[in-house]
Amino acid sequence: MKKTFLLLLIFLSGFFFSQEYTPDILGNGFEQKTLNFPNDYEGKVTATVIRKKAERPTHKAVLYIHGFNDYFFQTEMAEKFNEKGFDFYALDLRKYGRSYLPHQTFNNVRNLDEYNAEIDEALKIIAAENHNKILLAGHSTGGLITTRYMKYHPENPNIAGLWVNSPFYDFNMGFLAKKIGIPIISGLGKHYPDTKIGGGFSTFYGESLHKNFKGEWNYDLKLKPNANGKVNFGFVRAIHRAQKDIRSAELKVPVLVMHSEKSGYPKVWNEEVTSTDIILNVNDIHKNAENFKGNVTIIPVKGGIHDLVLSKKPVREKVYDELFSWLQKINF
């Protein structure tokens, strides 16, 4: 009798979880649910889980976390995972994308630990929805966030791997700016977190992506503008401290680090914009990944741009081939 009652509770909890989703802005079977958290220094805080389920029931899932000046819109990536038998989940972190609220400053956090609440909650939801093998994935700042999360949360038995796509492991700056300027701003960020500084990248990257300019992708330019303007000192401090924190990190799950083969620094529009990483220095990514302790695979991608899954079609097909081949090798 007790066992029957317990099974009924589990069934009903799964039913109610599923009922909390509503159709997502992406349509085509994507769903979303809002997560609510205690107020922070700006007030009310939410995050958003986005989901697209595979055609057949599966115990495998991926949880993807976007980058800076970004939100989840990469539907092709989700569908590739679905085709391979994964239920796909993504998070729009607090103060980004679907989760942004009018009283907030975009991307404004003072410590990357703030994101632990939504990652923890998303992982609980995924586990409650009958998944026991989860790939944690992150792009750019999301790659830094997920790497650091795995350093401090090795105990989750459901996380079976980490995939990072052009992770933000260091600032793409000259020696003096990186070694002197950023540490100064980071120090000031402790006492003056809301003071602002330029975001530091041109509009070329966004123009190379969006179909309204020279790209093939359609997304909300209000949620992902071509240039984000300024960021808070507090945000710079949060990133700087996290980057130092993951140096030589010991990671307990298999890790795949992917990045473009080359970085580009175009002053005018040219081929570099659509065939190199013009946001980060790929040598920084590679060097930091080589210093991790654990089962780490590093794959440079020829012709890749900053978000590898938004590269030209032949390049991104290579990205998916490498990714799913690696997943097979680690028995995912």
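Quick caveat, the model's predicted, so the values are computed rather than measured.

A short note on the overall build of the chain
Move 1: Check the secondary structure of the chain and you find 9 helices and 11 strands.
Move 2: Projected onto its principal axes, the C-alpha positions of the chain cover 70 × 45 × 40 Å.
Move 3: Taken across its 332 residues, the chain has 55% of its residues classed as buried.
Move 4: Partitioning the contacts of the chain with sequence separation of at least 6, the portion at a separation of at least 24 is 75%.
Move 5: Working note: accessible area of the chain is about 15,300 Å², and carbon and sulfur atoms make up 54% of it.
Move 6: Counting 43 positive and 36 negative side-chain charges, the chain places the centres of these two groups 3 Å from one another.

Digging into unusual backbone geometry
Move 1: Here the phi dihedral of N69 falls at roughly 55 degrees; this positive angle occurs in a residue that is not glycine.
Move 2: Along the chain, the position of N69 falls in the loop between β4 (60-65) and α2 (75-83).
Move 3: One non-glycine residue with positive phi stands out, namely S248, at about 55 degrees.
Move 4: Following the sequence through the fold, S248 ends up in the loop between α7 (233-245) and β10 (255-260).
Move 5: Judged by relative accessible area, which is 36%, S248 ranks as partly exposed.

Some thoughts on the nonpolar core
One recurring pattern in soluble globular proteins is that nonpolar side chains are buried together.
Move 1: If you look at the biggest cluster of nonpolar residues, it comprises 94 residues, and the most contacted ones within it are F81 and W163.
Move 2: Tallying contributions element by element places helix α9 (residues 313-329) first for this core, with 7 residues.
Move 3: Not counting the four nearest positions on each side in its chain, F81 is found in contact with V62, F86, F88, L135, W163, L323, F324 and L327.

A look at the packing of aromatic side chains
Move 1: As enumerated under the stated definition, the model contains 17 aromatic pairs in all.
Move 2: When the ring centre of Y21 is taken as origin, the NZ or CZ atom of R51, which lies over that ring, is 3.7 Å away.

Let's talk about the sheet that holds strand β11 (residues 296-301)
Move 1: Spatial strand order, β1-β2-β3-β5-β4-β6-β7-β10-β11: 9 strands in an open sheet with mixed pairing. A single partner strand is all that each edge strand has here, and the edge strands are β1 (22-23) and β11.
Move 2: Where strand β3 (residues 43-52) lies against strand β5 (residues 87-92), 5 bridges are found, and the strand directions are antiparallel. Of the residues in β5, the one forming a bridge with V49 is L91.
Move 3: Along the sheet, α2 makes contact with β3, β4, β5, β6 (133-139) and β7 (159-165), crossing β5 at roughly 150 degrees.

A word on the side chain of D277
Move 1: Relative to the helices and strands, D277 is located in the loop between β10 and α8 (282-290).
Move 2: Of the side chains bearing the opposite charge, K224 lies closest to the buried D277, which forms no salt bridge; the N-O distance is 11 Å.
Move 3: Once residues lying within four places of it in the same chain are set aside, the contact partners of D277 are S166, S260, K262, S263, G264, V282, G304, I305 and H306.

Cut-offs and rules
- Residues numbered from 1 in each chain as written.
- Predicted model: local features only at pLDDT ≥ 70, side-chain atom pairs only at ≥ 80, totals over all residues.
- Heavy atoms only, no water.
- Helix = DSSP H or I, 4+ residues; strand = E, 2+ residues; numbered from the N terminus.
- Buried < 20%, exposed > 50% of the residue type's maximum accessible area, 1.4 Å probe, protein only.
- Contact = heavy atoms within 4.5 Å.
- Areas by Shrake-Rupley, 256 points an atom, 1.4 Å probe, with all protein chains shown as cover.
- Lys, Arg positive; Asp, Glu negative; His and termini not counted.
- Charge placed at Lys NZ, Arg CZ, Asp CG, Glu CD.
- Core = buried A, V, L, I, M, F, W, Y, C linked by side-chain atoms within 4.5 Å.
- Phe/Tyr/Trp six-rings, centres within 6.5 Å; stacked < 30°, edge-to-face > 60°.
- Lys NZ or Arg CZ within 6 Å of the ring centre and 35° of its normal.
- Pairing = 2+ DSSP bridges.
- Axes fitted to C-alpha atoms, helices over the stretch in contact; angles between N-to-C directions.
- Salt bridge = Lys/Arg side-chain N within 4 Å of Asp/Glu carboxyl O.

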